Every structure is written in structure tokens, then in C-alpha cells.
Amino acid sequence: MNLVDSHAHVHFPRFDKDRDAVIERARKAGLTAIVDVGTNLASSRAAVALAEGLAEGLAEGRDFVYAAVGVHPHDAKTLTPAILDEIRSLARHPKVVAIGEIGLDYYRNHSPHPTQRRAFAQQLGLAAELNLPVIVHSRDSTDQDRRAHNDVLAALRDWTASLPMGRTDGRLGVIHSYSAGVSGLDDVLDLGFFVGISGPVTFPKANDLRIVAARVPLDRLLVETDCPYLTPKPYRGRRNEPAYVQYVVEEIAVARDTTPKAVAEATTQNARRLFGWR
Ligand code: NI
């Protein structure tokens, strides 16, 4: 079974002691690619180093790790013009497949909202300039609140409208670890974006997310771990890792009344289409 973890943070220090073993377990579980996602400049550098096979705790190069570079909304206040330039040069690395993670977080509010919106717009501009897709973080303060989601959609509409013709829906981006419910889904699909489903789909109370997982067209679905966070059943409460993306796939297969293999094959193809590796 071919699997892709479309959103991981294996470069985080929590993997320093056993990074090689974590990646080897991912390979044994059938993963053919991991997108390792940066959250600020230092983290983006570390993601690129991991994709190059140079990270601490690696016995050998790991050719199936790719990187995304960007400044997370939590760190939006760090995004100076100089840092944006550094992100731009990192993004030209051949193993960088996306700008991310970028977006809006109105839950933790580590950066003021206007600052978050500016950093998001600047990095969308960078993705347009470099013809890269985007990995988008969108989080509201409660399950009912849609302010962050609506602001994300508004920014993405402006962005897609500004793109040259021909940059069509296969290469725009993904709303990662989607959390805006069934009611927020159509707008994302109308924009031409992929929907990333992660560990919370396995949680007992996540009925709404399972309905989302059943409703997303198969050619718009991605799976991810967001490790070390969001650990799925049966490992909930422990550190997450890319191999556990299989439990996300199994839960989605149940929700869609299909086989894990069908979900795995489709999401693997989708990731290749979005991120453009061969
Ligand atoms: Ni993440």
C-alpha cells in the first residue's frame, strides 16, 4: 500500500534522538513520501536539511523526504522583509515542494490578526512568484466560529484571482488538518483546494470531521499526521509520527465505505499531482 504523509514536522527537536528510526518505520509502513513542513525561518532551514539528508539523527540520506518552507501564523510577527528574502532563497531548493505552513490562527493568537493577514498575503505572493503550491493553516477559536476560515478564504480568493491563467486547480494548495466542518467545505472545494485530513478524524467525538472525510471528492483528499501533534487512535496521547498516517487512512476508508488501499492510492496520487514530484 502506497502512502504519503502530506504534512509532518520530523525536523522538530522531539525527533532528534530517533529520527532515523522514525523515518525507517515510515518506509516500512509503506510511505513513499513525507512533506516536512517548516514553521519559521530556523524550522524551514531544518526542514530543508532533513530533505537533503543532513539532519541530526540520520544515518543516511532520505530521498523520499520533501520540504515546505514558510512562516506559520504563530510566528507571523517575525516575518521581516529580510526573513522573507531568506525564505525565498530556501524555496528555490530542488526538494522544496510548497510554501507552508502559512495562514491564520485565531485560536492561540500568538501574533496580532492584522500581522497574520499581512504575513499570509506576503507568502501567498511568494508562492505565486515561484509557482509553488501553498500549505495553509486555518484555525478558529471555537468549532462554531468561522472568522479565521472566512479570512483565509478571502485571502485565497484574492490570490487565485491574481494568478496567471493556466495555474489551475491541480497545483494551488491544501487546507491542512482541515477543521472548518461540513459547513465550511464547499467554499474550499469551489476554490480548487485540497483538503488535508489528520489524526482527529479517529477521535470518538469527531463525527463532523468523519462526514467531511466522506464528502470530499476522492481526487481532492490528502492525508497527513501533523506529527508530533494530533496523534491518532490507537496511539493518542503519545508522540505522533509519519507511520501513523495509516490509521488516518483506515478511518477515512470506514467513513467512505471503501478500502484503505483505495484511499491510500488516491491520496498518494493527489499528493504527487499537488507537489509535483515524480
Ligand atoms: Ni503543522
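Relevant structure appears above.
Residues numbered from 1 in each chain as written. Predicted model: local features only at pLDDT ≥ 70, side-chain atom pairs only at ≥ 80, totals over all residues. Heavy atoms only, no water.

Let us now look at the packing of aromatic side chains. A complete count under the given rule lists 7 aromatic pairs for this structure. Considering the side-chain rings of Y235 and Y247, the 5.8 Å spacing of their centres and the 65° angle between planes classify their relative orientation as edge-to-face. One end of the pair, Y235, is in the loop between β8 (221-223) and α8 (245-256); the other, Y247, is in helix α8, with 12 residues separating them in the sequence. Given the relative accessible area of 23%, Y235 is considered partly exposed. Ring geometry for F275 and W277: centres 5.6 Å apart, planes at 20°, overall stacked. Judged by relative accessible area, which is 10%, W277 ranks as buried. Aromatic rings pair up to connect Y66, F275 and W277 into one cluster. The lysine or arginine in question, K95, covers the ring of Y66, its NZ or CZ lying 5.1 Å from the ring centre. Above the ring of F203, the side-chain terminus of R236 is found at 3.4 Å from the ring centroid. (Phe/Tyr/Trp six-rings, centres within 6.5 Å; stacked < 30°, edge-to-face > 60°. Helix = DSSP H or I, 4+ residues; strand = E, 2+ residues; numbered from the N terminus. Buried < 20%, exposed > 50% of the residue type's maximum accessible area, 1.4 Å probe, protein only. Lys NZ or Arg CZ within 6 Å of the ring centre and 35° of its normal.)

Below, the discussion takes up the sheet that holds strand β2 (residues 31-37). Overall, parallel pairing links the 8 strands, which are arranged β1-β2-β3-β4-β5-β6-β7-β8 in an open sheet. The strands lining the two open edges of the sheet, one partner per strand, are β1 (3-8) and β8. Here the strands of the sheet are splayed against their neighbours by 25° on average, with no regard to which way each runs. Direction of pairing for strand β5 (residues 134-139) relative to strand β6 (residues 173-175): parallel, over a ladder of 3 bridges. (Pairing = 2+ DSSP bridges. Axes fitted to C-alpha atoms, helices over the stretch in contact; angles between N-to-C directions.)

Moving on, we come to the environment of R236. Along the polypeptide, R236 turns up in the loop between β8 and α8. Through-space distance from the C-alpha of R236 to that of A266 is 26 Å; in sequence the pair is 30 residues apart. Sequence-distant contacts of R236, that is, excluding residues within four places in its chain, are made with F203, P204 and T231. (Contact = heavy atoms within 4.5 Å.)

Moving on: the pattern of salt bridges. Pairing is possible between side chains of opposite charge, provided their charged atoms come close. Counting across every chain of the model gives 11 salt bridges. For D63, the salt bridge is made with R27, and the minimal N-O distance between the two is 3.9 Å. Taken as a pair, D63 in the loop between α2 (41-52) and β3 (65-69) and R27 in helix α1 (residues 19-28) lie far apart in primary sequence, 36 residues in all. The class of R27 is partly exposed, set by a relative accessible area of 35%. For R147, the salt bridge identified is with D145, shortest N-O distance 3.0 Å. Judged by relative accessible area, which is 13%, D145 ranks as buried. (Salt bridge = Lys/Arg side-chain N within 4 Å of Asp/Glu carboxyl O.)

Counting 76 residues, the largest nonpolar core has I99, V134, L156, W159, F193 and I197 as the members making the most contacts within it. No other element matches helix α4 (residues 113-130), which puts 6 residues into this core. If we skip the residues at most four places from it in the chain, I99 touches V69, A91, Q123, L126, A127, L132, P133, V134 and I135. Formed by 16 residues, the second largest nonpolar core is a distinct cluster that contains V35, Y66, V97 and I135. (Core = buried A, V, L, I, M, F, W, Y, C linked by side-chain atoms within 4.5 Å.)

Here we come to the coordination of the nickel ion. Only H7 (NE2), H9 (NE2), E101 (OE) and D226 (OD) from the protein coordinate the nickel ion, and they sit 2.2 Å from it. For the nickel ion, the 4 donor atoms in the first shell make angles of 81 to 173° at the metal, a pattern classed as irregular. Look at where the donors of the nickel ion fall in the sequence and you get H-x1-H-x91-E-x124-D. Placement of the pair is H7 in strand β1 and E101 in strand β4 (residues 96-105), with a sequence separation of 94 residues. (Donors = N, O, S within 2.8 Å, 3.2 Å for Na, K, Ca; no water. Tetrahedral: all angles 85-135°; square planar, octahedral: opposite > 155°, others 65-115°.)

Let us now look at the side chain of S43. Considering the arrangement of structural elements, one finds S43 in helix α2. Given a relative accessible area of 9%, S43 falls into the buried group. In this structure the side chain of S43 is engaged in a polar contact, spanning 2.8 Å, whose partner is the backbone nitrogen of T39. In this structure S43 touches H11, F12, V37 and G38, once residues within four positions along its chain are discounted. (Polar contact = N/O pair within 3.5 Å; in protein donor to acceptor, adjacent residues only side chain to side chain.)

Further remarks concern α4. Taking 1.5 Å of rise per residue, the 18 residues of α4 would be expected to cover 26 Å, and the 26 Å separating its terminal C-alpha atoms lies within 8% of that figure. Taken together, the buried positions of α4 are T115, Q116, A119, F120, Q123, L124, L126, A127 and L130. One face of α4 carries all of its buried residues, which in axial projection span an arc of 170°. Where α4 is buried, its residues meet α3 (81-91), β4, β5 and α5 (147-162). Positive phi shows up at N131, right after α4, with a value of about 55°. (Expected span 1.5 Å × (residues − 1). Arc of directions from axis to C-beta.)

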